[in-house]
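A closer look at the structure
What follows is each chain in one-letter form.
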Amino acid sequence: MEKIAIMMDSTAYLPEEIKKELDIRTIFLNIIIDGTSYKEIVDMPVEKYNEYLKNPNNAFPTTSQPAIGEVVACLEKLKKEGYTDVISIALSSGISGTFSSYSVAGLMVDGINVYPFDSEISCLPEGYYAIKAAKLIKEGKKPKEIISALNDMKKVSKAYFMVDDLSHLQRGGRLNGAQALVGNLLQVKPILHFENKVIVPFQKIRTYKKGVSRILELFDEFYRENKGENIRVCILHIDSPNNAIEIRDYIKDNYVGVEMEIAEISPVISTHLGIGSIALGWTIL
């Protein structure tokens, strides 16, 4: 009998109670500091890592996709638990090899079918795909139907974010040095987003306040087009809870029928965005 599991990577950073309730398994990405590898969240909790990033004298970390062996071990465990199929949700293949790891590991384990899904995004907006997949499983949908529905969900899923300091994107190879230098000198707070699976500038804004206003304008357009649907919004931040609360309260006061949550950005993604970053993501669940 068909039994479908959900696997996702740790950058989606869903609360443990949701993962437990929906039986979502997590594969962890890694932080490498001075040659030592740490599983994000497990070995390197968010709070501890944020403190590390705040010290400019600390060695700049690097990040890596999950080891193939860890993915294989998870698939073997699921197979022993009686699962026949796995929906494997990965952060964007344009910034990580996690999707590739799922694909390769799936070929190494007999007796279980793996359906890798490239979310083309990261953080909690990626986690929404796992939540959607869990709902579809409960509705009795087949794996290929679930993947098709997740691809349809991409059409209504967006996320925009701002970094406080461009140097993290530059040091992590996501932005060239000249762009970072000029941007910081001009106090540019660029709005970034995912396009064709990679992080690219959406619009250059001179101040944080104007940047937030522009992102909220984009959400307003989405809301007006989809009012009455099951709109889900997440406000993401890196050690900037007050800014996240302010955005949440604004949406709460101005839009009805919107389910919201505030979430922190996981260490792997924090490495590239830096302290003070803020993001807003939305979809229809």
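Structure: see above.
Computed from a predicted model, the values in this text were never measured in an experiment. (Residues numbered from 1 in each chain as written. Predicted model: local features only at pLDDT ≥ 70, side-chain atom pairs only at ≥ 80, totals over all residues. Heavy atoms only, no water.)

1. Details of the overall build of the protein chain
Just so we agree on the cut-off: Only DSSP runs of H or I with at least four residues qualify as helices, and only runs of E with at least two residues qualify as strands; both kinds are numbered from the N terminus onward. Between the two quantities, the radius of gyration covers C-alpha atoms and the globule rule is 2.2 Å times the number of residues to the power 0.38. Exposure is judged per residue with a 1.4 Å probe applied to protein chains only, and the accessible area is read against the type maximum: over 50% gives exposed, under 20% gives buried, and values in between give partly exposed. Contact criterion: two residues are considered in contact whenever any of their non-hydrogen atoms come within 4.5 Å of each other. Accessibility throughout is a Shrake-Rupley quantity obtained with a 1.4 Å probe, and a residue counts as covered only by protein chains that appear here. A residue counts as positive if it is Lys or Arg and as negative if it is Asp or Glu; His and the chain ends are not included. One atom stands in for each charge, and that atom is NZ of Lys, CZ of Arg, CG of Asp or CD of Glu.
Looking only at helices and strands, the protein chain features 11 helices and 13 strands. The C-alpha atoms of the protein chain give a radius of gyration of 19 Å, which matches the 19 Å a tight globule of 285 residues would have. For the protein chain, the spread of C-alpha atoms along the three principal axes comes to 60 × 50 × 30 Å. Per-residue burial for the protein chain yields a buried fraction of 51% across its 285 residues. When contacts within the protein chain are restricted to residue pairs at least 6 apart in sequence, long-range pairs at least 24 apart make up 76% of them. Element-wise, carbon and sulfur atoms account for 50% of the exposed surface of the protein chain, whose accessible area totals about 13300 Å². Positive and negative side-chain charges in the protein chain, numbering 33 and 37 respectively, have mean positions lying 2 Å apart.

2. Quick look at the pattern of salt bridges
Which entries qualify depends on this criterion: We define a salt bridge as a contact between a side-chain nitrogen of Lys or Arg and a carboxyl oxygen of Asp or Glu at a distance within 4 Å.
All told, the structure shown has 16 salt bridges when counted by the stated rule. Of the charged contacts, one joins Glu81 and Lys77 as a salt bridge, the two residues approaching to 2.5 Å between their closest N and O atoms. We classify Glu81 as partly exposed; its relative accessible area is 30%. Lys155 is paired through a salt bridge with Asp152; the nearest N and O atoms lie 3.5 Å apart.

3. Concerning the sheet that holds strand S2 (residues 24–27)
For sheets, the rule is that strands pair by backbone hydrogen bonds, running either parallel or antiparallel. Put simply, the test is: For two strands to be treated as a pair, DSSP must find at least two bridges joining them. Axis lines are fitted through C-alpha atoms, for helices just across the contact stretch, and the angle between N-to-C directions can take any value from 0 to 180 degrees.
The strand order across the open sheet formed by 4 strands is S2-S1-S6-S7, and the pairing between neighbours is parallel. With one partner strand each, in any of the chains shown, S2 and strand S7 (113–118) form the two edges of the open sheet. Across this sheet, the average inter-strand angle for adjacent strands is 25°, counted without regard to direction. With 6 bridges connecting them, strand S6 (residues 85–90) and S7 associate as parallel partners. By the bridge assignment for S7, Ile87 is matched with Tyr115. Against the sheet, helix H5 (residues 123–138) engages strand S1 (4–9), S2, S6 and S7, with an angle of about 175° to S1.

4. Some details on the packing of aromatic side chains
The cut-off we apply is this: Here a pair means two rings of Phe, Tyr or Trp (six-membered ring of Trp) with centres within 6.5 Å. Their orientation is stacked below 30 degrees between planes, edge-to-face above 60, and tilted elsewhere. We call a charge positioned over a ring when the NZ of a Lys or the CZ of an Arg lies within 6 Å of the ring centre and within 35 degrees of the ring normal.
Applying the stated criterion across every chain, the model contains 11 aromatic pairs. For the ring pair Tyr49 and Tyr52, a centre distance of 6.3 Å and an interplane angle of 5° mean the geometry is stacked. Linking Tyr49 with Tyr52, this pair stays in helix H2 (residues 46–54), spanning 3 residues, or about one helical turn. Using a relative accessible area of 0% as the deciding quantity, one classes Tyr49 as buried. When the centroid spacing of 6.2 Å and the interplanar angle of 50° are considered together, the rings of Phe161 and Phe194 count as tilted. Taken together, the residues Phe161 in strand S8 (residues 158–162) and Phe194 in strand S9 (residues 191–195) connect sequence positions 33 residues apart. For Phe161, a relative accessible area of 7% gives the class buried. Joined through ring pairs, the aromatic side chains of Tyr160, Phe202, Phe219, Phe222, Tyr223, Tyr255 and Trp282 make up one cluster. Note that Lys3 overlies the ring of Tyr83, its terminal NZ or CZ placed 4.4 Å from the centroid.

5. Some remarks on H2
As a reminder of what qualifies: Directions pointing from the helix axis toward each C-beta atom define the arc.
For H2, the set of buried residues is Val46, Tyr49, Asn50, Tyr52 and Leu53. Axial view of H2: buried residues confined to an arc of 160°, hence all on one face. Exposed and facing more than 90 degrees away from the buried side of H2 are Glu47, Lys48 and Glu51.

6. Observations regarding the packing of H5 against helix H6 (residues 143–153)
Quick note on the threshold: An angle below 35 degrees is treated as roughly parallel, one above 145 as roughly antiparallel, one from 65 to 115 as roughly perpendicular, and anything else as oblique. Crossing handedness follows the turn of the near helix against the far one: under a right angle anticlockwise gives a left-handed crossing, and clockwise gives a right-handed one.
Relative orientation of the contacting elements H5 and H6 amounts to 140°, with a least axis distance of 10 Å. When the axes of H5 and H6 are compared, the pair comes out oblique. The chirality of how H5 crosses H6 is right-handed. Residues Tyr128, Tyr129, Lys132, Ala133, Leu136 and Ile137 of H5 touch H6, and the partners they reach there are Ile146, Ala149, Leu150 and Met153.

These values are about where atoms sit, not about what they do.
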